[in-house]
Amino acid sequence: MSGRDPRVKIEPMSRVYDDERLAGAYERGNEMPERALRAWVELIGSFAPRSAPVILEVGAGTGVFSDAMARWIEGSEVVGVDASEAMLGEARRHHSCPGVRYLPGEAEALPVGAGGFDLALMSRVIHHIPDRVGAGRELVRVLREGGRVVVRTTFRERLDAAVYDYWPQLRASDARRFPGEAEVVEDFVAAGLVLEEVTSFAQPVVANLAEYHARLVGRPQSKFNCLTDEDFRQGLARLETAAGGEDTGPVLERYDVAVFSRP
Ligand SMILES: C[S@@+](CC[C@H](N)C(=O)[O-])C[C@H]1O[C@@H](n2cnc3c(N)ncnc32)[C@H](O)[C@@H]1O
């Protein structure tokens, strides 16, 4: 017996973002302050092996990173690939600067030719990919020699987000969904990539709990799909109560960044 609540619909993770409601809510509920986004782009761009890089974003979602990389990494060209037409629709509507192109496609069968990319970004997508070795092989195929892959995620052993204070059930479901660092490294190395480094840091994502509540009220992430409406409402009420007190200070989220190279 799985113990799963029969009222909760479980869909394959790579398909959850086909939902138009989630795609619209994702765009609104995952905004990043410009300063933080610039810092991320600077970090990601620092791994490009040459100037004016050609960049692939795998699982580009609503295009926040694809668009920001095209704008702020000088001379870059960006292709954003995503399995969900609904997410790509949001990307084209909100994040379509001249240096970026969006294509439908799967990480395990990328819709691009061999050897054309200097840098690949996978941001918050590795936990959605069932065949990580297959996805790694595709990265080996599409990257140039010396090209790099940047995986932006939170590995299972470092899941410590504020969201678990209000929806404690999510800790166990995220522990099942998110891979550990060693698993990702093993699969990508098996695919032919070489591990360069892993760093981990906590970053303020909003100024206080009131802003956090405003961000999460639209249920903007796939993790919430495993909750019933009532469980979601109760967690939101806990968050609203906590946000009502005096200034709570910034809310932090932990990110791990694993960098691989293509020999
Ligand atoms: C949490 S969103 C992350 C979006 C964006 N990278 C970001 O950091 O904001 C995950 C995205 O991965 C996409 N995705 C999931 N499985 C995929 C796969 N196998 N191939 C390509 N995209 C996939 C989903 O459609 C969704 O847009």
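Residues numbered from 1 in each chain as written. Predicted model: local features only at pLDDT ≥ 70, side-chain atom pairs only at ≥ 80, totals over all residues. Heavy atoms only, no water.

(A) Representation of the environment of Arg152 in the model. Along the chain, Arg152 turns up in strand E5 (residues 143-153). Arg152 gets classed as buried once you look at its relative accessible area, which sits at 1%. The spatial distance from the C-alpha of Arg152 to the C-alpha of Tyr255 is 6.7 Å, given a sequence separation of 103 residues. What Arg152 contacts, discounting residues up to four positions off in sequence, is Met32, Trp40, Phe65, Met122, Ser123, Arg124, Gln203, Tyr255 and Asp256. (Helix = DSSP H or I, 4+ residues; strand = E, 2+ residues; numbered from the N terminus. Buried < 20%, exposed > 50% of the residue type's maximum accessible area, 1.4 Å probe, protein only. Contact = heavy atoms within 4.5 Å.)

(B) The sheet that holds E5, seen in detail. Strand order in the open sheet formed by 7 strands is E3-E2-E1-E4-E5-E7-E6, and the pairing between neighbours is mixed. Among the strands making up the open sheet, the edge pair consists of strand E3 (100-104) and strand E6 (194-206). Ignoring which end each strand starts from, the neighbouring axes of this sheet average 20° apart. Sheet topology places strand E1 (residues 54-58) next to strand E4 (residues 117-123); 3 bridges connect them, and they run parallel. From the neighbouring strand, Glu57 faces E4, where its bridge partner is Leu121. Relative to the sheet, helix H5 (residues 132-142) contacts E1, E4 and E5, its axis offset from that of E5 by approximately 140°. The strands touched by helix H9 (residues 209-216) are E6 and strand E7 (251-261); relative to E6, the strand with the most contacts, the crossing angle is about 110°. (Pairing = 2+ DSSP bridges. Axes fitted to C-alpha atoms, helices over the stretch in contact; angles between N-to-C directions.)

(C) Region of interest: the confidence of the model for the chain. Of all residues in the chain, 95% attain a pLDDT of 70 or more, and the chain-wide mean is 92. Confidence over residues 1-13 falls short of pLDDT 50; this stretch has 12 contacts with residues more than four positions distant or in other chains. (pLDDT = per-residue confidence, 0-100.)

(D) Focus on the nonpolar core. With 29 residues, the main nonpolar core has Leu56, Phe117, Met122, Leu139, Val149, Phe188 and Phe260 as its most contacted residues. Of all the secondary-structure elements, those providing two or more residues to this core are E1, strand E2 (77-82), E4, H5, E5, helix H8 (181-191) and E7. Tallying contributions element by element places H5 first for this core, with 4 residues. In this structure, Ala70, Cys97, Val150 and Val257 belong to the second largest nonpolar core, which totals 25 residues. (Core = buried A, V, L, I, M, F, W, Y, C linked by side-chain atoms within 4.5 Å.)

(E) Here's a closer look at the pattern of salt bridges. Enumeration over the complete set of coordinates arrives at 18 salt bridges. Of the charged contacts in the structure, one is a salt bridge between Glu85 and Arg92, with a shortest N-O distance of 3.8 Å. In this structure Glu85 comes out as partly exposed when scored by relative accessible area, which is 47%. Glu196 is paired through a salt bridge with Arg148; the nearest N and O atoms lie 2.9 Å apart. (Salt bridge = Lys/Arg side-chain N within 4 Å of Asp/Glu carboxyl O.)

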